[in-house]
Amino acid sequence: MENKVIVVASTNSGKIREFRQMLEPEGYTVKCLADYPDMPETEENGTTFRENAVIKAQAVTDRYGIEAISDDSGLSIDAFNGEPGVHSARFLGHDTPYDYKNRVILEKMKDVKGEDRGCHYTCAIAITRPGREPVVFEEICRCRIADEPKGENGFGYDPIVYYEPLGKTMAEMSKDEKNSISHRGKAIRDLEQWLQHEEEH
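Quantities reported herein were computed from a predicted structural model and do not represent experimental measurements.

Colleague: I would appreciate a short explanation of the sheet that holds strand S2 (residues 28-32) in the present structure.
Modeller: The strands that make up a sheet pair up through hydrogen bonds in the backbone, lying either parallel or antiparallel. In spatial order, the strands read S2-S1-S3-S4-S5-S6-S7; together these 7 strands make up an open sheet with mixed pairing. The outermost strands of the open sheet, each flanked by one partner alone, are S2 and strand S7 (168-169). Bridging between strand S3 (residues 68-77) and strand S4 (residues 118-128) involves 10 bridges; their strand directions are antiparallel. Bridge assignment links alanine 68 to a residue of S4, and that residue is threonine 128. Relative to S3, helix H2 (residues 49-64) is tilted by about 155°, and along the sheet it contacts strand S1 (4-8), S3, S4 and strand S5 (135-145).

Laid out in structure tokens, this is it:
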């Protein structure tokens, strides 16, 4: 298929890398907000992952008249009543290193045992196009909070998010392992199927 440009409305290098790993083999050139330096910062004031994903992608489509995708994702911890959830990136401050965020979570959960350490990642991916309604794909990945950080791969909360079926944290997985089971991997596959269907019709 011809090479098509798709813009990921994000500055998060980890997210952009995962989109590239999955979409470039399908013939897409993946750009990001760094390629559009005059794009003003978009306020993520939605109350759900779906709302925030649409807000970010639609802002790029409205400004440049181009197709854009955005993902809003985060970690919801059962013992914290679903927090940090949509506030995952801003939890304990937007510029706070994830090493510190992860240590705080583990410290708060030091007396929480077994099933009560449950959590899930959510990923909502929105695609917006000029003059069309946004389309959203949302997936989750059930995990639990590990007892200690492990692994050097991934990003964000991955070192403390343990996936039982593979017996390792997200940060211990190869990129193929992670993409096969993760919330973002599943949502990107939903997006890929939809894109293929759109191209055929």
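Read on, since the account is not over.
Colleague: Mind showing me how you'd approach H2 here?
Modeller: Within an α-helix, residues lying three or four positions from one another point in the same direction, as the helix has 3.6 residues per turn. In this model, H2 (16 residues) spans 23 Å end to end at C-alpha, consistent with the 22 Å of a helix rising 1.5 Å per residue. Looking only at H2, the buried set comprises Phe49, Asn52, Ala53, Lys56, Ala57, Gln58, Val60 and Thr61. Considering only its buried residues, H2 is in contact with S1, helix H1 (13-23), S3, S4 and S5. Immediately downstream of H2, the backbone of glycine 65 shows phi near 65°, a positive value.

Colleague: Would you mind going over the pattern of salt bridges with me for this structure?
Modeller: Inspection of every chain in the model, using the stated rule, returns 19 salt bridges. Measuring nitrogen to oxygen at the nearest pair gives 2.7 Å for the salt bridge that ties aspartate 71 to lysine 15. Within this pair, whereas aspartate 71 is found in strand S3, its partner lysine 15 is found in helix H1, the two being separated by 56 residues in sequence. Using a relative accessible area of 11% as the deciding quantity, one classes lysine 15 as buried.

Colleague: In this structure, what is going on with the pairing of S5? I would like to understand it.
Modeller: When a strand is regular, its side chains alternate between the sheet's two faces. Pairing geometry for S4 and S5, over 10 bridges, is antiparallel. Within S5, the residue paired with cysteine 119 across the bridge is cysteine 143. As defined by bridge partners, S5 adjoins strand S6 (residues 161-163) across 2 bridges and the pair is classed as antiparallel. In the sheet register, isoleucine 145 faces S6, and the bridge partner there is valine 161.

Thresholds, definitions, all that
Residues numbered from 1 in each chain as written. Predicted model: local features only at pLDDT ≥ 70, side-chain atom pairs only at ≥ 80, totals over all residues. Heavy atoms only, no water. Pairing = 2+ DSSP bridges. Helix = DSSP H or I, 4+ residues; strand = E, 2+ residues; numbered from the N terminus. Contact = heavy atoms within 4.5 Å. Axes fitted to C-alpha atoms, helices over the stretch in contact; angles between N-to-C directions. Expected span 1.5 Å × (residues − 1). Buried < 20%, exposed > 50% of the residue type's maximum accessible area, 1.4 Å probe, protein only. Salt bridge = Lys/Arg side-chain N within 4 Å of Asp/Glu carboxyl O.

Structural measurements only, silent on function.
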